[in-house]
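# Tertiary structure, described
Below, each chain spelled out in residue letters.
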Amino acid sequence: EFIRQEMINTLDISPDRVTAIPIAVGMQFRRRSEDQVKAYLHKCQLPDDFILSVGTNEPRKNLVSLLRALKVCKGSVHLAIAGQHGWMTEETFGEIRRLGLQERVRWLGHISDDELSLLYSGASAMVYPSLYEGFGLPILEAMACGCPVVCSNTSSMPEVAGDAALLVSPHDERALAESIDSVMQDATLRTRLRQAGLQRAVLFDWNQTARRTVDVFHQISG
């Protein structure tokens, strides 16, 4: 609905000509067994407790703010980043060196959906401080795998996350660090977010996406 309203306002389109239809996640995004997860984390040289970032390394994903938040988190929180290198990446790598985070940041590059499902299943939280999203699919993928989510309170992300994630301003690095600390240190909160996320993910279904798309075709042909 966020993108629908943005299209209406920006392009001056009549509201009755724009329909918002949510997508869903693939069947491979599901909670994986503890043995599978442990084996994969060992292969990736990741500790038992880590936070996960998913997406192409480019300015919109706001990785620099995440790194700055990581630096002021309590304890030595480790970060795994899954996603290919995009553009304007120099600031990200420079910030890792400037903050002395080389030993706490693990770049995994582009990985398969099955591998990503294992990461979601093993992470203490998926942290997604993006500045702007048209949907924010990693939020839903993480929830479907039972991974607690911390994400931005901007653009479409609150609409996708509902009340099943911790929402924070992507411009407030201190608040982002506090949210990460809360998830890392509070097992009860992690359990609540995990359960709420699983329930939230069920609401997004490809059958529903197909039915609503067909309804639009019927309206047009009507």
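Anything mentioned here points back to the structure above.
Everything quoted here is computed from the prediction, not taken from an experiment.

A count of helices and strands for the chain gives ten helices and six strands. Rg of the C-alpha trace for the chain: 18 Å, near the compact-globule value of 17 Å for 222 residues, within the 12% margin. Dimensions of the chain along its principal axes, counting C-alpha atoms only, are 60 × 35 × 30 Å. Burial analysis of the chain (222 residues in total) assigns 47% to the buried set. Here the contacts in the chain between residues at least 6 apart in sequence split such that 73% fall between residues at least 24 apart. On the chain, roughly 11500 Å² of surface is accessible, and the fraction owed to carbon and sulfur atoms is 51%. If the 23 positive side-chain charges of the chain are averaged to one point and the 27 negative ones to another, these points end up 4 Å apart.

Glancing now at helix H3 (residues 63-72). Counting buried residues along H3, seven of its ten residues qualify, which places the element largely inside the surrounding structure. Burial in H3 covers these residues: Leu63, Val64, Ser65, Leu66, Leu67, Ala69 and Leu70. Contacts from the buried residues of H3 go to strand S1 (51-54), strand S2 (79-82), helix H4 (90-99), strand S3 (105-109), strand S4 (125-128) and helix H8 (173-185).

Conventions adopted
- Residues numbered from 1 in each chain as written.
- Predicted model: local features only at pLDDT ≥ 70, side-chain atom pairs only at ≥ 80, totals over all residues.
- Heavy atoms only, no water.
- Helix = DSSP H or I, 4+ residues; strand = E, 2+ residues; numbered from the N terminus.
- Rg over C-alpha atoms; globule rule 2.2 N^0.38 Å.
- Buried < 20%, exposed > 50% of the residue type's maximum accessible area, 1.4 Å probe, protein only.
- Contact = heavy atoms within 4.5 Å.
- Areas by Shrake-Rupley, 256 points an atom, 1.4 Å probe, with all protein chains shown as cover.
- Lys, Arg positive; Asp, Glu negative; His and termini not counted.
- Charge placed at Lys NZ, Arg CZ, Asp CG, Glu CD.

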